[in-house]
Amino acid sequence: MTSTVLTSISELWTLDPARDDPARPGTVTDEQVVRDAAVVIEDGIIAWTGPSAQAPSADTREDLGGRAVLPGWVDSHTHLVFDGDRAGEFEARMAGEAYAAGGIGVTTSATRAAADERLRDLVRARIAEAARGGTTCLETKTGYGLTVAEELRAARLASQLVADGELDEVTFLGAHLVPSEFDGDADGYVDLVTGEMLKAVAPYVGWIDVFCESGAFTPEQSERVLRAGADAGLGLRVHGNQLGASGGVALAVELGAASVDHVNHLSAADIDALAAARESTVATVLPACDLSTRAPLAPARELLDAGASVAIASNCNPGTSYTSSMSFCVATAVLQMRLTLAEAIRAATRGGAQALHREDVGHLSVGARADLHVLDGPAAIHLAYRPGMPLTHRVWRAGIPLP
Ligand code: NIG
């Protein structure tokens, strides 16, 4: 057994679930942030937290010099398995073009053309980049293959990275776009996704997702995809209400999906439904995507005020959000979406964990995975106060310091 004690922590954001205030869901209580604190890591797990003056001894000791420590970010929505970029499309968008689902096809062509080793290297480099920004728990989707063989290749690759301890969750997104081979036959493609493709990938994934949107899949097609996934034992996720009132939120709530993501275009009824479903369905907002597509910002403030569970994720992908910086997303949620810092930190840690049905990450209470994000600042508010600055000082994942 090896142990490490980290001392001289100005603010230790434990976010201990046992200290939640049920009357104020989505917020952080005073007891969940320990001042002048220390933490002990033992065999990859948090073994003790408390005042620095009372820190027990351990095999090694490290003084963090008065820095703030957060749980590592939990990024519950990314699309890391791809090749190519779409900088030209982005530039055209900044010049006034609208985002449309069809761009997914461009990345699908580039991804299909990539050799296995290259694709793996690209994904690993993206995971490392996210970790350097404080992300310690990552989900990725497939969805840029769109044939049985290519979706299987992406699912296998990601699942191997989970086995290697680099990645945490894998989601099957065969229903990302109707590929050109099925032009005019979307239902035929849904037959493939819910049949042969699902059967092939199911052993390698824990989740199924669908892009329920105009230009992608109708609510009826989306429901077929999700019900087939549930029958195969997968958890459900939905891309919903990104480009318009797609019906994705209502579907996600009805089927008890763990998360409905994007949620830019919500009616009052959608917000009420998400508030009522706060235990089962998380509303995941994607601030970097909203900026990169010039979409109306998801109403995170209104969702929290109504009592919904909210997560923040990066949506790292080459089309709508080519960043894995959760710190940037948190700063944007504070500066632009009007969340308090505490609400944004909670949404990017505990919120993401809830969206992934994970209890071992997103907090630093005893027994949690030792995923720590040490900020190069004396207080976490620096994340929003000094936006864009490189504020990640050190990162531990499962008790191992990242190089
Ligand atoms: O979450 N909205 C659907 N999927 C991605 C975008 C994918 C792309 O344009 O390549 C998203 O934003």
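The structure displayed is predicted, hence computed values, not measured ones.

Considering the packing of helix α11 (residues 326-335) against helix α12 (residues 341-355)
It is at 9 Å that the axes of α11 and α12 come closest, and there the two elements cross at 140 degrees. In terms of orientation, α11 lies oblique with respect to α12. Both α11 and α12 take part in a crossing whose hand is right-handed. Here M326, V330, A333 and V334 of α11 lie close against α12, whose contacting residues are L341, A344 and A348. In terms of residue class, the contact of α11 with α12 is made up of seven nonpolar, no polar and no charged.

A look at the sheet that holds strand β13 (residues 372-375)
Within the open sheet, the seven strands sit side by side as β3-β2-β1-β4-β13-β14-β15. Their pairing is mixed. Two strands close off the open sheet at either side, each with one partner strand: β3 (45-51) and β15 (400-401).

Points about the site of the ligand
Near the ligand you find 15 residues, and of these R86, Y99, Y144, Q242 and T320 are the closest. Here an oxygen atom of the ligand and a side-chain polar atom of H239 are 3.1 Å apart. Protein burial of the ligand: of its 320 Å² of free accessible surface, 100% is covered by the chains. Considered class by class, the residues forming the shell around the ligand number four nonpolar, ten polar and one charged.

Considerations on the packing of helix α5 (residues 186-201) against helix α6 (residues 219-231)
In contact at an axis separation of 10 Å, α5 and α6 are set at 5 degrees when each is read in the N-to-C sense. Taken together, α5 and α6 sit at an angle that is classed as roughly parallel. Across the interface between the two elements, A186, D187, V190, D191, V193, T194 and L198 of α5 pack against Q221, R224, V225, A228 and G229 of α6. The residue makeup of the contact of α5 with α6, split by class, is six nonpolar, three polar and three charged.

Here we look at the domain arrangement of the protein
Partitioning the protein into domains gives domain 1 (3-71 + 363-401) and domain 2 (73-355). With centres defined by C-alpha atoms, the gap from domain 1 to domain 2 works out at 29 Å. In this complex, domain 1 contributes 25 residues to the contact, which on the side of domain 2 involves 25 residues. For the pairing of domain 1 and domain 2, the buried interface totals around 2,000 Å² over both sides, and the portion due to carbon and sulfur atoms is 64%. If you sort the residues of domain 1 by the area they bury against domain 2, G26, L383 and R397 come out on top, with a joint share of 25%. On inspection of domain 1 and its partner domain 2, the count reaches four salt bridges. Between the two partners, domain 1 and domain 2, sit eleven residue pairs in polar contact (both at pLDDT 80 or more). Mapped onto the side of domain 1 that touches domain 2, the elements with two or more residues apiece are β4 (60-71), α13 (382-385) and β14 (392-397). Ranked by residues supplied to the side of domain 1 that touches domain 2, first place goes to β14 with four residues. Partitioning the side of domain 1 that touches domain 2 into residue classes produces 14 nonpolar, six polar and five charged.

Considerations on α6
The end-to-end C-alpha distance of α6 is 18 Å, a good match for the 18 Å that 13 residues give at a rise of 1.5 Å each. Taken together, the buried positions of α6 are Q221, S222, V225, L226, A228 and G229. Mapping the buried residues of α6 onto a view down its axis gives an arc of 160 degrees, with all of them on the same face. Exposed and facing more than 90 degrees away from the buried side of α6 are E220 and D231. At its buried positions, α6 is contacted by β7 (169-175), α5, β8 (207-212), β9 (235-240) and α7 (248-255). At the C-terminal side of α6, G233 shows a positive phi close to 90 degrees.

Things to note about the pattern of salt bridges
Opposite charge on two side chains makes pairing possible when the charged atoms of those side chains draw close. Applying the stated criterion across every chain yields a total of 31 salt bridges. Of the charged contacts in the structure, one is a salt bridge between E11 and R35, with a shortest N-O distance of 3.3 Å. Linking E11 in strand β1 (residues 3-13) with R35 in strand β2 (residues 33-42), this pair joins segments that are 24 residues apart in sequence. Residues R93 and E89 are paired through a salt bridge, measuring 3.4 Å at the closest nitrogen-oxygen approach. Taken together, the residues R93 and E89, both in helix α1 (residues 87-94) and four residues apart, mark about one turn of the helix. Classification of R93 by relative accessible area gives buried; the value is 3%. Its relative accessible area of 26% is what places E89 among the partly exposed residues. The network of salt bridges with common partners includes D168, E169, R358, D360, R369, D371 and R397.

Some remarks on the sheet that holds strand β6 (residues 135-141)
Strands belonging to one sheet form pairs held by backbone hydrogen bonds; the direction of such a pair is parallel or antiparallel. Across the sheet, eight strands lie side by side as β5-β6-β7-β8-β9-β10-β11-β12; this open sheet has parallel pairing. Because the sheet does not close on itself, it has two edges, and the strands there are β5 (73-75) and β12 (310-312). Direction aside, the axes of adjacent strands within the sheet are offset by 25 degrees on average. Bridge count for strand β11 (residues 282-285) against β12 is three bridges, and the pairing is parallel. Bridge pairing in β12 links A283 to V310. Sheet strands in contact with α5 are β7 and β8, and its direction is about 150 degrees off that of β7. α12 rests against β5, β8, β9, β10 (259-262), β11 and β12 of the sheet, and its axis sits at about 105 degrees to β12.

What counts and how
- Residues numbered from 1 in each chain as written.
- Predicted model: local features only at pLDDT ≥ 70, side-chain atom pairs only at ≥ 80, totals over all residues.
- Heavy atoms only, no water.
- Axes fitted to C-alpha atoms, helices over the stretch in contact; angles between N-to-C directions.
- Helix = DSSP H or I, 4+ residues; strand = E, 2+ residues; numbered from the N terminus.
- Parallel < 35°, antiparallel > 145°, perpendicular 65-115°, else oblique.
- Left-handed = near helix turned anticlockwise from the far one by under 90°.
- Contact = heavy atoms within 4.5 Å.
- Nonpolar A, V, L, I, M, F, W, Y, C, P; charged D, E, K, R; others polar.
- Pairing = 2+ DSSP bridges.
- Near = heavy atom within 4 Å.
- Polar contact = N/O pair within 3.5 Å; in protein donor to acceptor, adjacent residues only side chain to side chain.
- Areas by Shrake-Rupley, 256 points an atom, 1.4 Å probe, with all protein chains shown as cover.
- Domains from an automatic or database assignment.
- Buried area = accessible area lost by both parts, 1.4 Å probe.
- Salt bridge = Lys/Arg side-chain N within 4 Å of Asp/Glu carboxyl O.
- Expected span 1.5 Å × (residues − 1).
- Buried < 20%, exposed > 50% of the residue type's maximum accessible area, 1.4 Å probe, protein only.
- Arc of directions from axis to C-beta.

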